[in-house]
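# Observations on the three-dimensional arrangement
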Amino acid sequence: MTPWVTLATVQTAEGPLTLKQRGNTFHIVIGGRVLMTSAERRSEEALATLALTDLPKQPRVLIGGLGMAYTLRAALDVLPGNAQVSVAELTPAVEEWCRGPMAVLTNHAVADRRVRILIGDVSRII
């Protein structure tokens, strides 16, 4: 079996946040526990698609947390070209990971012209 490779680790208030990869699968681990895996994304996709029905013609959307950007990708896939999508993310490294090694998972969702990443707590951004 191919071993997990640690790509990056940053310190957070909750403990070390680590990005790991094995083959085409990524894990985000915090404090030794898997927080997210690229192998499971249905709930992230459903969150976006269920929430984004019956919107105004020029929607503005706020997503709390970037994660692996699956919710963002799903939102972009259903939103019109004139939408504005802001994503609040606590940890700057997560944005870097989504622009770097994990970008292929979401067809570079964070690079979409409709997207703005805001580093900070979503409750403060609201």
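Before reading on, note that the structure itself is shown above.
Residues numbered from 1 in each chain as written. Predicted model: local features only at pLDDT ≥ 70, side-chain atom pairs only at ≥ 80, totals over all residues. Heavy atoms only, no water.

## Some thoughts on the nonpolar core
In this structure, Ile 28, Leu 66, Leu 72, Trp 97 and Met 102 are the most contacted members of the largest nonpolar core, which totals 31 residues. Of all elements in the fold, only strand E2 (15-22), strand E3 (25-30), strand E5 (60-64), helix H2 (70-78), strand E6 (84-89), helix H3 (92-99) and strand E7 (115-119) reach the threshold of two or more residues within this core. It is H2 that contributes the most residues to this core, 5 residues altogether. For Trp 97, the residues in contact, after removing those within four places along its chain, are Ala 8, Leu 17, Thr 18, Leu 19, Ile 28, Met 102 and Ala 103. (Core = buried A, V, L, I, M, F, W, Y, C linked by side-chain atoms within 4.5 Å. Buried < 20%, exposed > 50% of the residue type's maximum accessible area, 1.4 Å probe, protein only. Helix = DSSP H or I, 4+ residues; strand = E, 2+ residues; numbered from the N terminus. Contact = heavy atoms within 4.5 Å.)

## A look at the pairing of strand E1 (residues 5-12)
Sheet topology places E1 next to E2; 7 bridges connect them, and they run antiparallel. The residue of E2 that forms the bridge with Thr 6 is Lys 20. (Pairing = 2+ DSSP bridges.)

## Overview of the packing of helix H1 (residues 42-51) against H2
The N-to-C vectors of H1 and H2 enclose an angle of 35°; their axes lie 8 Å apart at closest approach. The crossing of H1 and H2 is right-handed. Here Glu 44, Glu 45, Leu 47, Ala 48 and Thr 49 of H1 come into contact with H2, specifically with Tyr 70, Thr 71, Ala 74, Ala 75 and Val 78. Tallied by class, the residues present in the contact of H1 with H2 amount to 6 nonpolar, 2 polar and 2 charged. (Axes fitted to C-alpha atoms, helices over the stretch in contact; angles between N-to-C directions. Left-handed = near helix turned anticlockwise from the far one by under 90°. Nonpolar A, V, L, I, M, F, W, Y, C, P; charged D, E, K, R; others polar.)

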